[in-house]
Amino acid sequence: MEDLTQEEWVEQLENDNNAVVLDVRTDAEVADGIIPNAIHLDIYKGQEFIDALEDLDKSKSYYVYCRSGNRSGKACQIMEQLGFEKAYNLEGGMLQWTGDVVDLK
């Protein structure tokens, strides 16, 4: 797992052709907008979250974010325990995000 600043996260994501963006916020938070092309898996769903992670391709790179960077950091740690080698946490999360957001309302 690696914590990346927004600039590092975006630059690495743009140059990674094996990248998946993962949003681990709640449904209510996602309703306020989501980073384009992100997959939403709510970390608060417990075992359902773990099961969903286990269905993902471990050979890909995962760029993970939440509201502030705390839950996504935990998600990256869980992913590491499950055998994911490339999980990158967005420091500051959506609170500091200045990039594109798709409004789902």
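This report concerns the structure included in the present document. (Residues numbered from 1 in each chain as written. Predicted model: local features only at pLDDT ≥ 70, side-chain atom pairs only at ≥ 80, totals over all residues. Heavy atoms only, no water.)

### Description of unusual backbone geometry
The residue N37 is not glycine, and still its phi comes out positive at about 70°. When you line up the elements, N37 lands in the loop between helix 2 (27-30) and strand 3 (39-40). (Helix = DSSP H or I, 4+ residues; strand = E, 2+ residues; numbered from the N terminus.)

### Notes on the packing of aromatic side chains
Under the counting rule described, the total for this entry stands at 5 aromatic pairs. The interplanar angle of 85° and the centroid separation of 6.1 Å between the aromatic rings of W9 and Y65 together place this pair among those described as edge-to-face. Highlighted residues: W9 in helix 1 (residues 6-14) and Y65 in strand 4 (residues 61-65), separated in sequence by 56 residues. Across the pair, exposure class does not vary: W9 and Y65 are buried alike. (Phe/Tyr/Trp six-rings, centres within 6.5 Å; stacked < 30°, edge-to-face > 60°. Buried < 20%, exposed > 50% of the residue type's maximum accessible area, 1.4 Å probe, protein only.)

### Looking at the state of the cysteines
Inspection of the entire model under this criterion finds 0 disulfides. With no disulfide of its own, C66 lies 9.3 Å from the sulfur of C76, the closest cysteine sulfur. (Disulfide = S-S within 2.5 Å.)

### Quick word on the pairing of strand 4
Among the 5 residues that make up strand 4, 5 are buried, leaving the element largely enclosed by the rest of the structure. As defined by bridge partners, strand 2 (residues 19-23) adjoins strand 4 across 5 bridges and the pair is classed as parallel. Of the residues in strand 4, the one forming a bridge with L22 is V64. Sheet topology places strand 4 next to strand 5 (residues 87-90); 3 bridges connect them, and they run parallel. For V64, the partnering residue across the bridge sits in strand 5 and is N89. Tracing the backbone out of strand 4, into helix 4 (residues 70-81) and back to the parallel element strand 5 gives a crossover that is right-handed. (Pairing = 2+ DSSP bridges. Right-handed = clockwise from strand over helix to strand, strands pointing away.)

### A few points about the environment of N70
Along the polypeptide, N70 turns up in helix 4. Linking N70 and Q6, residues 64 residues apart in sequence, is a C-alpha distance of 14 Å.

### Quick notes on the layout of surface pockets
Computed from the structure, the largest pocket encloses a volume of approximately 220 Å³. Lining the largest pocket are V10, L13, E14, A19, V21, I35, P36, N37, W97, G99 and D100. Of all the secondary-structure elements, those providing two or more residues to the lining of the largest pocket are helix 1 and strand 2. In terms of residue count, the dominant contributor to the lining of the largest pocket is helix 1 (3 residues). Within the lining of the largest pocket, the residues separate by chemical class into 7 nonpolar, 2 polar and 2 charged. (1 Å grid on protein atoms, 1.4 Å probe; cavity = no way out; pocket = protein on both sides within 12 Å on 5 of 7 lines; lining within 4 Å. Points joined across faces, edges and corners; volume = space filled by probe spheres on them. Nonpolar A, V, L, I, M, F, W, Y, C, P; charged D, E, K, R; others polar.)

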